[in-house]
Structure formats: C-alpha cells, structure tokens
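Geometric and topological summary
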Amino acid sequence: MVSPGQAGGYRAGIGVAVSDLKTARSRTRRLLSGGLVTLAGLAVTMEAITFGMGTMARTGPGFFPTVLGAVLTIVGLLLLIVPDRAEEHDSAAFGRPDWRGWSCIIMGIAAFAIFGELFGLGPATFACVFISAFGDREATVKGSLILATAAVVVAAVVFSWLLKFQLPFVHWV
Amino acid sequence: MARILALIGCWLCLVTGPAVADDYPNKFVTVIVPFAAGSGSDTAARVIGQYLGPKLGQSIIVENRVGATGAIASTAVARATPNGYTLLLGTNSTHGSNSALYKKLTYDPVKDFVGVADTGVFNYFLVVNPSLPIASVADLIAYGKANPGKLAYAGGSSTSIVMAETFAKETGVALLKVPYRSNPPALTDVIAGRVSMMFADMSSTISFVKAGSLRAIAVTTRDRSPQYPDLPTISETAVKGFDLASWTGLFAPAGTPAAIVEKLNHEVNAVLAMPEVQQRLISLGVEPTPMSASDFNSFAGKEVEKWSRLVKQAGIEPE
Amino acid sequence: MGDTLPNLLHGFSVALEPHNLMWSFVGVLIGNVIGVLPGMGIMATISILLPLTFGMPPVAAILMLAGIYYGAQYGGAICSILLNLPCHASHAVTCLDGYPMTLQGRGGVALGITMMAAFFGAAFGIMQMIFFAPFLVSIAFKFGPAEVCTLMLLGLLAGATLARGSALKGIAMTVVGLVLGTVGTDVDTGTARFTFGALSLYNGVDLVAVALGFFGVAEFLKSVNTIKVGNLAGMMRIRDLRPSRADLRQAALPILRGTVIGSLCSLIPGTGPTIASFLAYAAEKRISRTPGIFGQGAIAGVASPEASTHSAVQADFIPTMSLGIPGDAVMALILGALIIQGIQPGPQLMTEHPDVFWGLIASFWVGNILLVILNVPMIGVWVKLLQIPFRYLFPFALFFICVGVYSTNNEMFGVVQTLVIGVVGYGLLRLGFHPAPILLGFVLGPRLEENFRRALTLSRGDLGVFVESPISAFFVALGVTLVVGQIFFACRKTRVVRDLAGLVPDAKGALEES
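Conventions used here
Residues numbered from 1 in each chain as written. Chains lettered and ligands numbered in written order. Predicted model: local features only at pLDDT ≥ 70, side-chain atom pairs only at ≥ 80, totals over all residues. Heavy atoms only, no water. Helix = DSSP H or I, 4+ residues; strand = E, 2+ residues; numbered from the N terminus. Buried < 20%, exposed > 50% of the residue type's maximum accessible area, 1.4 Å probe, protein only. Patch = residues over 30% accessible without salt bridge, like charges linked within 9 Å, V, L, I, M, F, W, Y side chains within 5 Å. Areas by Shrake-Rupley, 256 points an atom, 1.4 Å probe, with all protein chains shown as cover. Salt bridge = Lys/Arg side-chain N within 4 Å of Asp/Glu carboxyl O. Pairing = 2+ DSSP bridges. Contact = heavy atoms within 4.5 Å. Axes fitted to C-alpha atoms, helices over the stretch in contact; angles between N-to-C directions. Polar contact = N/O pair within 3.5 Å; in protein donor to acceptor, adjacent residues only side chain to side chain. Nonpolar A, V, L, I, M, F, W, Y, C, P; charged D, E, K, R; others polar. Parallel < 35°, antiparallel > 145°, perpendicular 65-115°, else oblique. Left-handed = near helix turned anticlockwise from the far one by under 90°. Phe/Tyr/Trp six-rings, centres within 6.5 Å; stacked < 30°, edge-to-face > 60°. Disulfide = S-S within 2.5 Å. Core = buried A, V, L, I, M, F, W, Y, C linked by side-chain atoms within 4.5 Å.

**Quick word on the overall build of chain C**
- Secondary structure summary: chain C contains 24 helices and two strands in total.
- Every one of the 514 residues in chain C was classed for burial, and the buried ones make up 66%.

Here it is, written out as structure tokens:
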C-alpha cells in the first residue's frame, strides 16, 4: 500500500536538513489549517443556533447547519492533532508569493464588476483583460492593449450581438 | 459661462426630453420578470411581449432577475429611471405577500410603482391523490375530521402555502404542511401518495388530472373557471368568499409620465384582446383580465393589503 | 411495447424532414459552441433563444432547444480538461483527472475518451427512453424523501475523500460545501441563513460562481507566472491525440458504470447531470483497486463522470416528456417552450403528440451522431489551444468567467461572489485543501437537508422512516459498510506505518510529511 508519492517521501527523508525545514513548514501549515477550520466551525455553529432548532417532527432551519458546524469544529480539532501524512506534492509550487500576479487578477475581476455596472460590457471587458494581463511579468503595454481590444471585439460580436447578452455593451449610469 | 450652462441645459433637455408619449418608445423596452425563465409568469410575459413589440414598434426584452421571491427584480425596477423603458412583471408576491414575508422590504409596492396593466390571473386547482376516498371539498373536510393528523398538503410556492393555510383555518381541518422548493417535486409526492393534497396552478396540474394520476376537486377563484365549468369553487362548497389566485401585471417605476402609462395600458389590453394571445394564455392556465390602469392600481393596492393579512394569518414568520 | 419500432420509424421520418433536421442541427451546433465557450450558460442561451421558437412549428422548436441542451454537454468538458475551467457544473468533476492528464500531455486522450463516454452514455440514455420509460417512471415514484435523503448521504460519504490529499481535509471541505449550500432562504420556514442581509444571497450562493471560483479563479491565482509560454502543450505528441488500446480498456468499465449511475440519477426529480457526475466519480474511486491514481490523471476519473453526465442528460427527458415533471431548470424551460406551443406536457404526450415525442427521440440519435462527427476531428484543434501562451490565455479566460457568472442571474453580484470564492479557494489550496469536495457538498447538501426534514415531517418525527423502505435501508447499509470499512483500512494503514517505522527509524517522520 505504498503509493509512488510515499516512496518519494522516503527519498526526501534522506536529506535531514531538508526534512527539518519541511517538517517546520508542515507544522505551521497544520496549525493554520486546523485552526481555521475550527474557527469556521465555531462561527457556523454560533450563527446557526440562532436560526431555531425545531422539533423532531418539524426540524428547524438551524438544525442542519448546527450539526454541520459541530462536525466542522471536530474535524478542525482533529486536523490540529493528527499529523498530515498525505501532504500534496504540488504544494512545492506554492513557494514564493506572487503579489503582482495575484493583485492583477483580483483587480481585473473587480474592474469587470465595477466597469460593467457603470459603463457596460465593452469597457468592463477591456478593463478586465487589460488589468489582468499585467499579472504576467512579461506583459507589455502594447501586448495588453491588443489583447484587451481583441477581447472587446469578441464581447461585441459573440456576446452582445450573437448571444444577446443582457448587459448593454455601452451605457452610462 | 452662462452660455455654456445654457448649452448644457439644452443638451440635458434633449437627452431627457423625449420621455413623452409621442415618440415613446424609441428604443427597446425591458420587462423584468422576477421568476426563472420557463416558469408560468415568465412564459406569459414572453407571449405578451411577443405581440406587444410589433404594436409598439420596438422589441420587448424579457429579462429574468430571480431571487428573494421577486424582491430583487422589484427593487431594481423601483430604482430604474421612470421613463417607461423598464417595466416589472409584478405578481401577488411582489405586490402582495412580500410585504408580510420580509421585515424590511427594499421597495414599497405601493409608493414605488405605478400599475400599468393587468395581464392575467392564474387559477389554482385543489388536487388530491386519487387513491384517497375524496371526490369533493365536503369529502375532504369530512375525511380530515374523521382522520385527524392524516392529511398533509404539499406547498410548492408561498402562494400555494397561503391558500392551504387559509383553507385549513377557515374549515377547521388540521393539515400538515410539507413545503417544497418548487412545484415538480411537490407534485411527484402527491401523485405517489406520500402527501395527500396540494393547491397548484392549472397549467402544471391539468395533464395529471386528465391522466387520472391526480384528482381536481375545486378551483380557488370566486367564480368557476370558464375552461372547467364542472369544477366547483371552494367558495360555493365550503368557505364562502374564498377567492385566491395568483396574478401578474405590468408595473412601471413611480413617476413614469401618465401618457406613457396610458399608452402601454391601451396596447397591452389590445394584445390581450387578440384571440391567438387569449388562446395561448389560456393554455398556460392564465385567464386574461384586462382593466384600465387606474382600476389595476387600486386592485394592486387592495392585493397588497389582502395577501399581507393572509400571510400573517397563515402564521408565516416575516424575515 | 409492440408498436415501439413503428413509432420509432415514424419518429425518424419526422426528425429527418429537412426542416426539422436543419433546426436540430442548428440546435446542436449552438449548443456545442455554448458548451465550448467558457462563459455562457445553457439556461441563459435557451431563454434568449426561446422567443425565436414561438414562430416555429412545435416539433422544430423542441428539437432545436433539446439540441442546445445535449449539444452543450459535448463541448462542456473541453475547458474542464484543457484549462481546469468548469464552466458547466456538470463537468466540474472532470477537472479532477482531466486537467492532470493535460499537464501530462495527454489532453487529447482525455478528450477522445470523453467523446466516447459521451456517445455511449447518450446512446444508453436514449435506448432507455425508447424501451423502458414507463417502467423507469414507476421506479422514480418509489424515490420519496427518505430514499433521496439516504442516497445523498451515501453520495457524501463516498465522495468526501473525492480529491487527493488527506481524508480529514477532504471531510472538512465537504462540510464547508454543505454549509455553503445552506446559504439562502430556508424552504421550510423562510428563515434567511448566512445571508448577512444581502438580498442577492436569498436564493443561495450561485453554483456557477462556486465552480468557477474554486477551480477557475483559484487555478489562475496559482499558475500565474508559473506556467510559461505554451508549455501546457509541452509534452504533446501527435499519437497521444488518440486513446490507445490500453486506454480504451481502462475506460470501458468506468464508462459502463457511469452510464448506469447517470441514467438512474436523472429519474429522480431534482437530481440532474451534475449530481450524477459527482456520484459516478465518487463510486468509481470507491470501487477502484488503485484509488491513489485518482486526481493524478486517471482515465476512469474522466470516463465515468462524463458517461454519467451524458446519460443523465438524455434520461432527464424521460420524466420530463413522459410525466411532465422537469428534472431541472433547463428541462422546466423546455417544457415551458412546449406549453407556449400549445402542447400540454404530461402523461398523454406520447399518445396525443407522437410527432413530438418520437421525433424528439429520433432527433437525439441524429444529433448525437452529428455531434460526434463534429467533435472528434476538432480534438486536435482544441488541443492546439494549449499552444497559446499562458499570458494571453488567462486574461481572456478571466473575462469569460466574468461573463459566464454574470449571465446566470444577470447580476454583477455573481462576479463579486466568484472573486471572493476564488481568493478563499486559493488560500485553501495553499493550505493543502482541495476544493473538489466543497463542490460535492454544495451540490448534494441542499437535497440532503430538504429531504431529511421532509421525511421527518411526513413520518411525524420517526427516525425509523429511513430504514423502513427497502431502498433507503439498502443505502443506509451501504453507507455504514463504507464508513466502517474506511476506519478499518485507516487503522491497518497506521499499523503498517508503525511497523515500517520500527524497521527504518527515519521513515516515520518522512512518511508523515511526505
């Protein structure tokens, strides 16, 4: 019952220094994830109790979420205690934070919402693609402009014209 | 500076000016439907819109804004520019029970809207599972009194729940409430016999009644339905004055010019008078009930009062 | 039953009339495009095109609308597999193994398997509709609240460890999904739960927002600046475009099992293709002898849910057409189209409008064959999509995501929801949580709760209702076996680890963090 992943673990275990670092990181992660789940469970339970539990013959709206909250809390506590054996392997890809990529993607989507609400689909599309394209380190202003313009054309032809998308292509509030 | 201001003023007049009935509408008109595409009220709106468009010379766009029993759509229209280009397909939920269902409604069904035209009434059947020894409303009441605790009703919408609760209260028969998210699963359980009865609109039940998998024992309006004159009303059999049905009608945001409201009312009533529209609506279970804009306004006002009272009586807690 | 064949032949004569054939072709084509295009829902498309059908003859209208529905399923898996972008919830679970296959350069194989599973599942669904519709409908009526509730519970138990990684984390995510599913107005009492006063949340969190947030947005947050120019297609070779004989052998049984699960699910009102695909995946992983390879590009993990989705989509028409009870929102819309045409759906549809019923069935055959012919040669083209540099791909994909979630409710709030869910999802990914079980809990949860409460209401509070009927008793027994078995195996595994640790002192620590 040893999967290929676990076999990899043996090899990693040979380098002791690497192992120590990994163990430390794994512990922080365990505390963080277990703690978060526990907190979420408690929050759900606290809120759910206020909905009303009802009776057996007429279960109230609070019954199911309260049970869920309790289960979540228990699982969270278990996560805190039980060491995480089956750690994911692609977690290595999560090494360095990429603030540029993250903020551009987040701002791009937010821009779609804001521009869409204020000016319509066309401007929203342009803003979304233009901003998020800068998330890539190799992005250039010219390249992003071309990309965003192409997206606007797609939005106009495919969504507004062919599919009669309900958000107007351009409008003013 | 003054000239610039004057210019801007002129330009503003030009932009906002054309909101008079003469050249209304000069672009498409959006009707916001508070329920999912394919639902009864949506289909009715689309049928009417299809014929109303050519009469107005502009297309009618039906937009679905589902959620919070119509409160989201109503709020959107209440806040829209009152120029006749954004209309709401209101119902006895948006302009009725919602006032009592929500503690803090984000729109005022009376003050925020002006009624444009009534588009029709959805008559409801009282159906029972055919394996029960119940062939009439009197049977139902007798059965319920003889077998306390045995009758349960399926509620597929707040309207159908209000009907059942009102019926239970007026007749004194204890009914167990079994709520559902929508009509289809509710009907399945009534057909399968897990639940004894249900109030449901004609179009979703008629095929089962014809096939014998459900038994219709009454209609919920004051008068018998023209399509099913053999079915008695609840009012004539058990509860005098029982008159509940869901309805739909067009509303515009308050402040919409009266001329536009009149024009729309006139055209909608003309559409409702067309035989093919009538036939289509009737097949949907809708009985067209054209009335003037002012009649519709006072009707809607009364409905808000009536449904809020019934919801409170039915013991449904406001949110 | 004796006149089934003549009826079917009549159906073909209807479906092959040039006019009807054309509309059915238009339908599957639109559907296919919608399916591939990330960002446009089937619901939105059908409701936009609905007014166009008013002027058409009823048969043509229904053939076209149905074609959009099942045509979209053929395209739906493409973005899930190639981009990890589940634009259609019923293909979300395909991401789990489809995308890893793409990363291994086997995206073409995954698509090929998908097409095969699709056609097989659809064909089975259609056969069912032809021969067993009345029988299956009688089964459907046996599924009351207690049966549906226990089935959903079984699905959750089987699926909690759906994704890679620790079982505990999987359970945690399933419960998070269940909690997300309770957001909104409670059906029973009207109480608003976890809505924090936002009117837009009264109808619950949007399924598309959940799927695209946890998979799409979170995935892009993860891979921005890590995936470079076109290297998704890095290891692609031409011969990898076609599934090999060994691939086919691996896919055969999962396809069969998925098909059966899908067709059964669709018979229960309210249990459409999405639930069917999740249940199929969960079941497949459960019974697999190598559950470890699931989530790493297992062919069975693509084949089974895809077959399930397609057979569910076709079998969805059984209750809709022969009973007049729509299984999901799309079916309700198609029924609405029939009603507008003056055709009353219901038990008499088959006899009163044989043109519609049998014409539709025959058009399913025509449409599905057309779709295979259309799609198989396209696989190579779709795979080429991966050669587009990632930095051009992801801004476009984000735009499609935004458009897609907007179109489900015509509300910007959907976009905001997706953004929040995506950011939270990425945080969870970094902590080693996989989002797939959230989706499972979110999809099954509301059904579970609703039917649990309804069963208790009907039994007046007697818990015995869940073991009274043989069907639900069977599900309960299966669930108990599953949990006990899981605990048993977990204990045995721990013992093995301990034994190993005794032999190799360093191994224990290594195993714990590996």
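That covers the picture; the talk isn't over yet.
**Thoughts on a nonpolar patch on the surface**
Residue and element names in this part refer to chain C.
- A cluster of nonpolar residues, Phe 120, Phe 124, Leu 253, Leu 256, Val 260 and Leu 264, forms a patch on the protein surface that exposes about 500 Å² of accessible area.
- Secondary structure elements with two or more residues in the nonpolar patch: helix H6 (107–131) and helix H11 (245–265).
- With respect to the element layout, Phe 120 can be found in helix H6.

**Topic: the sheet that holds strand S1 (residues 29–33) of chain B**
Residue and element names in this part refer to chain B.
- The sheet built from six strands is open, its strands ordered S2-S1-S3-S10-S4-S11 with mixed pairing. The open sheet has two edge strands, strand S2 (60–64) and strand S11 (286–287), and neither has a second partner.
- Where helix H2 (residues 40–56) meets the sheet, its contacts fall on S1, S2, strand S3 (86–91), strand S4 (113–122), strand S10 (246–253) and S11, and the angle it forms with S2 comes to roughly 160 degrees.
- Lying over the sheet, helix H10 (residues 258–273) contacts S3, S4 and S10, oriented at roughly 10 degrees with respect to S4.

**Section: the interface of chain B and chain C**
- With 42 residues of chain B at the interface, the matching set in chain C holds 44 residues.
- At the junction of chain B with chain C, the criterion picks out zero salt bridges.
- At the boundary of chain B and chain C, one finds four residue pairs in polar contact (both at pLDDT 80 or more).
- Residue assignment for the side of chain B that touches chain C shows that the elements contributing at least two residues are H2, S2, helix H3 (71–78), strand S7 (176–179), helix H7 (183–192), helix H8 (202–211) and helix H11 (275–283) of chain B.
- By residue number, the principal contributor to the side of chain B that touches chain C is H8(B), which donates six residues.
- By residue class, the composition of the side of chain B that touches chain C is 19 nonpolar, twelve polar and eleven charged.

**So, the packing of helix H4 (residues 58–83) of chain C against H6(C)**
Residues and elements named next belong to chain C.
- As a packed pair, H4 and H6 sit with axes 10 Å apart at the nearest point and diverge in direction by 150 degrees. It follows that H4 is roughly antiparallel to H6 by the angle criterion. Between H4 and H6 lies a crossing whose hand is right-handed. Of H6, the residues touching H4 (which contributes Tyr 74, Ala 77, Ile 78, Ile 81 and Leu 82) are Gly 107, Ala 110, Leu 111, Thr 114, Met 115, Ala 118, Phe 119 and Ala 122.

**Description of H8(B)**
- When H8(B) is considered as a whole, its buried residues turn out to be Met202(B), Ser203(B), Thr205(B), Ile206(B), Ser207(B) and Phe208(B).
- For H8(B), the elements touching its buried residues are strand S5 (124–128), H7, strand S8 (197–201), strand S9 (215–219) and H11 of chain B together with helix H14 (317–323) of chain C.
- Two residues or fewer after H8(B) comes Gly212(B), characterised by a positive phi angle close to 85 degrees.

**Concerning the packing of aromatic side chains**
All names here are of chain C.
- Summed over all chains, the structure comprises 31 aromatic pairs over all chains.
- The interplanar angle of 35 degrees and the centroid separation of 6.5 Å between the aromatic rings of Phe 220 and Phe 394 together place this pair among those described as tilted. Here Phe 220, found in helix H10 (residues 207–223), pairs with Phe 394, found in helix H19 (residues 390–409); they are 174 residues apart in sequence, far enough to count as distant.
- Here Phe 394 falls in the buried class, since its relative accessible area comes to 0%.

**Here we look at the sheet that holds S9(B)**
All names here are of chain B.
- Read across the sheet, five strands follow the order S7-S6-S8-S5-S9 without closing on themselves; strand pairing throughout is mixed. Of all the strands in the sheet, just S7 and S9 have a single pairing partner and so form its edges. Within the sheet, the average angular offset between the axes of one strand and its neighbour, ignoring direction, is 30 degrees.
- Across the sheet, helix H5 (residues 137–146) is in contact with S5, S8 and S9; its angle to S9 comes to roughly 105 degrees.

**Topic: the state of the cysteines**
- The full count for this structure, using the stated rule, is zero disulfides over all chains.
- Left unpaired, Cys128(A) is separated from the closest cysteine sulfur, that of Cys402(C), by 4.2 Å.
- The exposure class of Cys128(A) is buried, given its relative accessible area of 0%.

**Details of the nonpolar core**
- The biggest cluster of nonpolar side chains holds 302 residues, and the ones touching the most others in it are Phe112(A), Phe167(B), Phe317(C), Met321(C) and Phe399(C).
- When residues no more than four places from it in sequence are discounted, the contact partners of Phe317(C) are Ala66(C), Tyr69(C), Met129(C), Ser322(C), Met331(C), Ile334(C), Leu360(C) and Phe364(C).

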